[in-house]
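The lines below spell out each chain.
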Amino acid sequence: MKLTDYIVKFLKEQGINTVFGYTGGSIADLVDSIYKSDINFVQNRHEQASSFCANGYAEITQNFGVAISSSGPGACNLINGIANAYFDSVPCLFITGNVHSLAEKKSDKIRQNGFQETDIVPMVKGITKFAVKMKNAKDIAYLLEKAVYLAKEGRKGSVLIDIPYDIQRADIDEKSLEHFAAPEKENFDKTVIKDVVKLLSKAKKPVILVGGGAKYAKNEIAELIKKVKIPIVASLCGLDVLSHENDCFTGFIGTYGNKYANLALQNSDLILVLGSRLDERQIGYRRNEFAPKAKIIRVEIDPVEINRTVDETISVNADVKEFLQNLLRENLSDITYSDWFKTVNEWKNEFKNGKNVFGELSEYIPEKAVICSDVGIHQMYLARNLKIKNGQKLLNSAGFGSMGYSLPAAIGAYYADKNNCVVSVNGDGGIQMNLQELQTVSANNLPVHTVIINNKCLGMIRMLQENLFNDRYYASVDGFDAPDFEEIAKAYNLKYLKIEKVEDMNKTADIFNSDKPSIIELYIDYETLNNKEAD
């Protein structure tokens, strides 16, 4: 069997139905093997987009995503998506081609020998769980199995295998291949569950904080709050863990969060943290002032994060899903927090958001839609005002915070589940980072709806300049511009709708329910967006 045919067979057995990438000389053999299979190959218009597509695909399938590229510039262009998968704990496999083994440089003192020769492995070592260059064709099964295991096991993340093209073309004997033996999984100490129940029983003002690690435990969280009504607040990555229509949902926390969510967190006497790394945008720089009266129960799969940013009363190094499954076996029927719930609801009513762009936008996005946010001030306002409905999912580039993420992530999300409406929400700056992917959308007639918030500036940087640089808006306003998006829509043969008033947002309903791709431009000036509409 040809080695690249084996790779495709392996991916198929792992449940992968789509691979993203850009062809090139040193990856053409793998592309050809995909062509001969029933796996779909999506050719993006830039490899960075391919890497973000893999992220979006993985988030929706809860399997791993796959992106491939040629050597040199192609491999380097994957790096943003590799980093995003690593920092946001998204399982992704990246496969890069490289020059013929005989053309490789023989010394590190030599900059380059073969055309487009680039040693990608050391470049990505710090942003992958595993990165390796293949030296022998017989290692293919072992390396693929190890890479996928590491991508999906524990705290998930990115892995990369770099394969010289002569090795890609090698014939292998499938029966003689060595296989990877996964280590036995360590179980956490279940006796800690009793201690958790005791703290829940004694608490008067508890809060659950959900992060990205809770996304794989949505059913268990829903069951928990049926048994015990506890206010739930969310980090950016945890916003879609439960429907915002559930009365337990208490908002988005942190620097850009909802006031009532931060009040609930700060005034709590117990915080159950489920899969959140508690970074400075959540807890602030003065760590001793974070929830000063609260005991903290931390459930975290990454042992490095335990007790790293706050002092924890109980630390549980475990998968959130497994922890909750054990907690739900306990008798929780006598635990109630009615007075605390009343107080939290009073805050929610007092500080609820008024009529605003993103709240109105969310009214017309269908249930079970996938919403992909780009990075910028619109991302924070979206997080603060979007009302997640039943079955909706929200994808973000959170820890890495890469502009240009949303549109390719939306493409990946579509291929993960073609039954979903997919909405990509962008600023007028971020959309230009991967604008070329509108051609991928158009050429494949993908029902991806691209929303562009046009406030004629880089809003987050402008806000920074207002606070620190006496309104010197260099490069955020002065020197920043965007194309005519109506003309862009025409160029890519996409439907186009322009909204200039919040009251006209109902016009989006027909487009969101259409299976044709579109651009919706929300033309809203900075002052309205920042000072009035988004609070």
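Structure shown above.
Everything numeric here is computed off the predicted structure, so don't read it as measured data. (Residues numbered from 1 in each chain as written. Predicted model: local features only at pLDDT ≥ 70, side-chain atom pairs only at ≥ 80, totals over all residues. Heavy atoms only, no water.)

Draft legend 1. Region of interest: the overall build of the protein chain. Assigned secondary structure in the protein chain consists of 22 helices and 18 strands. Rg of the C-alpha trace for the protein chain: 24 Å, near the compact-globule value of 24 Å for 535 residues, within the 12% margin. Referenced to the eigenvectors of the C-alpha coordinate spread, the extents of the protein chain come out at roughly 70 × 60 × 45 Å. Residue burial in the protein chain is summarised as follows: out of 535 residues, 58% are buried. Counted over contacts in the protein chain with a minimum sequence separation of 6, partners at least 24 positions apart contribute 75%. (Helix = DSSP H or I, 4+ residues; strand = E, 2+ residues; numbered from the N terminus. Rg over C-alpha atoms; globule rule 2.2 N^0.38 Å. Buried < 20%, exposed > 50% of the residue type's maximum accessible area, 1.4 Å probe, protein only. Contact = heavy atoms within 4.5 Å.)

Draft legend 2. Just the nonpolar core, in detail. Counting residues in hydrophobic clusters, the biggest one holds 95 residues, and the most contacted among them are Leu274 and Phe323. Per-element accounting of this core gives the leading share, 6 residues, to helix H9 (residues 192-202). Setting aside residues up to four positions removed in sequence, Leu274 forms contacts with Ile208, Leu209, Val210, Gly211, Ala214, Ile221, Val299, Val320, Phe323 and Leu324. Residues Ile39, Tyr57, Phe64 and Leu407 belong to the second largest nonpolar core, which totals 68 residues. (Core = buried A, V, L, I, M, F, W, Y, C linked by side-chain atoms within 4.5 Å.)

Draft legend 3. Here's a closer look at H9. Every buried residue of H9 is accounted for by Val192, Ile193, Val196, Val197, Leu199 and Leu200. Buried residues in H9, looked at end-on, bunch into an arc of 160°, giving them a common side. Of the residues in H9, the exposed ones pointing more than 90 degrees away from the buried face are Lys198 and Lys202. The elements touched by buried residues of H9 are strand E10 (270-274), strand E11 (295-299), strand E12 (314-316) and helix H13 (320-327). (Arc of directions from axis to C-beta.)

Draft legend 4. Representation of the pattern of salt bridges. The full count for this structure, using the stated rule, is 23 salt bridges. As a salt-bridge pair, Glu13 and Lys9 come within 2.8 Å of each other at their nearest N and O atoms. Separated by 4 residues within a single helix, Glu13 and Lys9 lie in helix H1 (residues 3-13), roughly one turn from each other. Put simply, Lys12 and Asp38 hold a salt bridge, and the shortest N to O gap is 3.4 Å. Of this pair, Lys12 sits in helix H1 while Asp38 sits in the loop between helix H2 (28-35) and strand E2 (40-43); the two residues are 26 residues apart in sequence, bridging distant segments of the chain. Residues joined by salt bridges that share partners form a network here, namely Glu59, Lys215, Lys218 and Asp240. (Salt bridge = Lys/Arg side-chain N within 4 Å of Asp/Glu carboxyl O.)

Draft legend 5. Representation of the sheet that holds strand E1 (residues 18-21) within the structure. Across the sheet, 6 strands lie side by side as E2-E1-E3-E4-E6-E5; this open sheet has parallel pairing. A single partner strand is all that each edge strand has here, and the edge strands are E2 and strand E5 (130-133). Adjacent strand axes in the sheet meet at a mean angle of 20° when their direction is disregarded. Pairing of strand E4 (residues 92-98) with strand E6 (residues 158-164), which is carried by 7 bridges, proceeds in the parallel orientation. Among the inter-strand pairings, Phe94 is bridged to a residue of E6, identified as Leu160. Helix H5 (residues 79-87) contacts E4 and E6 of the sheet and is inclined by roughly 145° relative to E6. (Pairing = 2+ DSSP bridges. Axes fitted to C-alpha atoms, helices over the stretch in contact; angles between N-to-C directions.)

Draft legend 6. How the structure looks around the sheet that holds strand E16 (residues 448-454). Spatially, the 6 strands line up as an open sheet ordered E14-E13-E15-E16-E18-E17, and their pairing is parallel. Taken across any chain shown, the strands that pair with only one partner, and hence form the sheet edges, are strand E14 (393-395) and strand E17 (495-499). On average, adjacent strands in this sheet sit at an angle of 20° to one another, irrespective of strand direction. Bridging between E16 and strand E18 (residues 518-523) involves 6 bridges; their strand directions are parallel. Looking across to E18, one finds that Ile453 is bridged to Leu522.

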